[in-house]
Amino acid sequence: MKKTFEVSDKLFELYHRVHRLVNESMTEEGVSLARSKFLFFLSKLGPCRSTDIACALNFAPRTVTEAIDGLERDRLVMRKPDPEDRRAKIVSITETGRVVLEAAEHPRKQLIEEIFSALDDEQLDQLYDIVSKLVEKTDEIRKRKEEAEDAEVAVAR
């Protein structure tokens with residue numbers, strides 16, 4: 001078991017180090033990694049409600065509202081009334097937001113390429129396969145937990 005935890009700890013350490021480096025390089029270009037997630041989502045899927053963003057990115061609605069406030073203040077996104085629901089707003093990325101996102105993506109990609117250049121093609125393929133198996137396992141566990149929670153709710157009724 002010790003080896004399992006050592007590997008797990010190394011994966012977490014790698015994730016945090018890469019995350020920090022990527023965030024620093026993107027922030028130097030004008031948008032943090034966290035803010036770029038919102039901009040990327042909006043650039044790919046187009047205008048949507050903040051509740052859709054919260055659901056898709058698995059963020060609390062309040063977190064999304066605060067992020068959108070900041071992005072709007074910096075003119076990276078804009079809000080318009082939702083024609084189908086006057087209480088809601090539709091959020092979309094601005095042209096400035098697209099330019100900033102594109103500028104920040106270049107150093108992110110360059111940094112990721114540099115980090116993973118430590119592996120040859122065969123090692124990269126092996127790592128991909130291993131991480132894919134771990135992702136599948138976490139999905140299985142999550143599904144099992146959700147089914148158990150649903151069963152508990154059904155019994156409680």
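Residues numbered from 1 in each chain as written. Predicted model: local features only at pLDDT ≥ 70, side-chain atom pairs only at ≥ 80, totals over all residues. Heavy atoms only, no water.

Engineer: Would you explain the overall build of the protein in this entry?
Structural biologist: In terms of helices and strands, the protein carries six helices and three strands. Reading the protein from its N terminus to its C terminus gives the helix and strand order α-α-β-α-α-β-β-α-α. For the protein, the spread of C-alpha atoms along the three principal axes comes to 55 × 55 × 20 Å. Expressed as a percentage of its 157 residues, the buried residues of the protein come to 24%. A separation threshold of at least 6 residues defines the contact pool for the protein, and within that pool the share at least 24 residues apart is 48%. Split by element, the accessible area of the protein, about 12100 Å² in all, is 54% carbon and sulfur. (Helix = DSSP H or I, 4+ residues; strand = E, 2+ residues; numbered from the N terminus. Buried < 20%, exposed > 50% of the residue type's maximum accessible area, 1.4 Å probe, protein only. Contact = heavy atoms within 4.5 Å. Areas by Shrake-Rupley, 256 points an atom, 1.4 Å probe, with all protein chains shown as cover.)

Engineer: Can you walk me through the UniProt feature "domain: HTH marR-type" (unreviewed entry) in the protein in this structure?
Structural biologist: Here, UniProt's "domain: HTH marR-type" (unreviewed entry) annotation points to residues 8–136. Helix makes up 72% of residues 8–136 and strand 13%, with an end-to-end C-alpha separation of 16 Å. (UniProt positions renumbered as here; feature names shortened; annotations may be inferred.)

Engineer: How should the nonpolar core be read in this particular structure?
Structural biologist: A general feature of soluble globular proteins is that nonpolar side chains tend to end up buried together. One finds Leu39, Leu42, Ile53 and Val77 to be the most contacted residues of the largest nonpolar core, which totals 24 residues. The set of elements that each furnish at least two residues to this core consists of helix 1 (2–28), helix 2 (33–45), helix 3 (50–57), helix 4 (61–73), strand 3 (85–93) and helix 5 (95–116). Ranked by the residues each element gives to this core, the list is headed by helix 2, at five residues. Leaving out residues up to four positions away in the same chain, Val77 has contacts with Leu39, Leu42, Ile68, Leu71, Glu72, Val91, Ser92, Ile93 and Thr94. (Core = buried A, V, L, I, M, F, W, Y, C linked by side-chain atoms within 4.5 Å.)

Engineer: Sorry, what's going on with the state of the cysteines here?
Structural biologist: Put plainly, two cysteines are in a disulfide when a covalent bond ties their sulfur atoms together. Taken as a whole and assessed by the stated rule, the structure comprises zero disulfides. Free of any disulfide, Cys48 has its nearest cysteine sulfur in Cys55, 11 Å distant. (Disulfide = S-S within 2.5 Å.)

Engineer: Help me out: how do you make sense of the sheet that holds strand 3 in this one?
Structural biologist: Strands in a sheet are paired, the pairing made by backbone hydrogen bonds, and the direction either parallel or antiparallel. In space, the three strands of this open sheet follow the order 1-3-2, with antiparallel pairing throughout. Each edge of the sheet is formed by a strand with only one pairing partner; in this case those strands are strand 1 (48–49) and strand 2 (77–82). Across the sheet, helix 4 is in contact with strand 2 and strand 3; its angle to strand 2 comes to roughly 115 degrees. (Pairing = 2+ DSSP bridges. Axes fitted to C-alpha atoms, helices over the stretch in contact; angles between N-to-C directions.)

Engineer: Explain the side chain of Thr94 to me, please; I cannot follow it from the model alone.
Structural biologist: For Thr94, the position within the fold is in the loop between strand 3 and helix 5. Filtering out sequence-adjacent residues up to four positions away, Thr94 remains in contact with Arg75, Leu76, Val77 and Met78.

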